[in-house]
Each structure stands twice: as structure tokens, then as C-alpha cells.
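Per-entry structural report
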Amino acid sequence: MDGGQIAALIAAGAFLMLVVVLAVPILRLRHTVDATTRMISDLNEQTTPLLGDVNVTVRNVNTALEQVQTSLDGVNLQLAKVDTMTSHAQNVTANVANLATVVSAAAANPLVKVAAFGFGVRKAASARRHAETEREVRDTIKQQRRAAKRSNRSAGGPGLGDRS
């Protein structure tokens, strides 16, 4: 064997050692790739039903949103009707207030006159009763003085009611 063949044999041995040394990480890398492939496969199997459930949920939410939109349209329509009724009620209230003012003004003037007349009649009746009472009291006092004068004249002395 000559030197070239020995060098080729050494190079082949070194290459074999290199292949053996590199084979171990490649095998480990293969196990890692297999585990990753299994994990991705499992994840894919679990995600598919979840995505189906998400699609059903999104459809249900869209249906609910459509129903809410329909309800809101109905509410807006009713609010427009209530707005119109409120406007009419406001006009009616203003008309009733104006009518009440007119009726109050029309009724108040005669009522004030009647009330004033009634007050005047009561005051006059009270004054008349008072005057009659005063007249009776004066008449009684005069009669008492006259009687006292007469009794003093017959007794001969000045009386209480005598001014002379």
C-alpha cells in the first residue's frame, strides 16, 4: 500500500467519524421534528372543532345583532310617535292654559264685585247692629240719669247725674 492509499483510508475513516458524530444530532433532530409534527397534528385536530364553534358563535352574534337592530328601529319609530304626541299634548296644554286665563278673567271680575258687595252688606249690618246696641245703651244711661235726678229732687239733694 502506498502513501496515497493510506491517506485515503485515513480520510475515509475521518469522514466516517464525522458522519457518526453528525448522525447523533441528526437523529435527535429527527425525534424533535417528529414530536413537533405530532404536536401540530394534535393542535390541528383540537383547533378544527374550536373554529367550528367560533363560526357558530359569530353567526349567533350576527343574528342577535340583527334582532337588536330591528328592535332599535321599532323603538325609534315609537319614539317618533311619542314625540308627535308630546308636541300635540304641549299644544293642548297651552290652549287649556289660555282658556283658563280667559275664564278666570271673565269670572273673577263679577266674583270680586259679588264678594265686595257681600262684605259691604255684612259690614253695614254689623254697623247697624252696633249702632242699635249703642243707642239702647245710651237710652238706658239717660233713663238711669233721669231716674236718679227725679229721686234726688224728691230727696232734696244734688244727684249724681246733675250738672248744675
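Here the structure is shown first, and the text comes after it.
All of these numbers come straight from a predicted model, not from anything done at the bench.

Some points on the overall build of the chain
- Per the secondary structure count, the chain includes one helix and zero strands.
- Taking 164 residues into account, the globule formula puts the C-alpha radius of gyration at 15 Å, and the chain, at 64 Å, lies well above it.
- Its C-alpha atoms give the chain principal-axis dimensions of about 205 × 50 × 25 Å.
- By residue count, 1% of the 164 residues in the chain fall in the buried class.
- Within the chain, the 13 negative side-chain charges are centred at a point lying 40 Å from the centre of the 19 positive side-chain charges.

Considerations on a nonpolar patch on the surface
- A cluster of nonpolar side chains, contributed by Phe15, Leu18, Val19, Leu22 and Ile26, occupies part of the molecular surface with about 490 Å² of accessible area.
- Structurally, the position occupied by Ile26 is in helix α1 (residues 3-155).
- For Ile26, a relative accessible area of 56% puts it in the exposed group.

Points about the pattern of salt bridges
- Scanning the entire structure with this criterion turns up three salt bridges.
- Here Arg30 ties to Asp34 by a salt bridge, and the two come within 3.9 Å at their closest N and O atoms. Taken as a pair, Arg30 and Asp34 lie in helix α1 at a separation of four residues, close to a single helical turn.
- A relative accessible area of 46% means that Arg30 is categorised as partly exposed.
- By relative accessible area, Asp34 is classed as partly exposed at 34%.

Topic: a positive patch on the surface
- A cluster of basic side chains, namely Lys142, Arg145, Arg146, Lys149, Arg150 and Arg153, defines a positive patch on the protein surface.
- Within the fold, Arg146 resides in helix α1.
- Residue classification places Arg146 among the partly exposed residues on the basis of a relative accessible area of 48%.

Points about the environment of Ile6
- Tracing the backbone through its elements, the reader meets Ile6 in helix α1.
- With 14 residues separating them along the chain, Ile6 and Val20 place their C-alpha atoms 21 Å apart.

Describing the environment of Asp53
- Within the fold, Asp53 resides in helix α1.
- Relative accessible area serves as the criterion here: at 49%, Asp53 is assigned to the partly exposed category.
- Along the backbone, Asp53 and Gln90 are 37 residues apart, and their C-alpha atoms lie at a distance of 54 Å.

About the cut-offs
Residues numbered from 1 in each chain as written. Predicted model: local features only at pLDDT ≥ 70, side-chain atom pairs only at ≥ 80, totals over all residues. Heavy atoms only, no water. Helix = DSSP H or I, 4+ residues; strand = E, 2+ residues; numbered from the N terminus. Rg over C-alpha atoms; globule rule 2.2 N^0.38 Å. Buried < 20%, exposed > 50% of the residue type's maximum accessible area, 1.4 Å probe, protein only. Lys, Arg positive; Asp, Glu negative; His and termini not counted. Charge placed at Lys NZ, Arg CZ, Asp CG, Glu CD. Patch = residues over 30% accessible without salt bridge, like charges linked within 9 Å, V, L, I, M, F, W, Y side chains within 5 Å. Areas by Shrake-Rupley, 256 points an atom, 1.4 Å probe, with all protein chains shown as cover. Salt bridge = Lys/Arg side-chain N within 4 Å of Asp/Glu carboxyl O.

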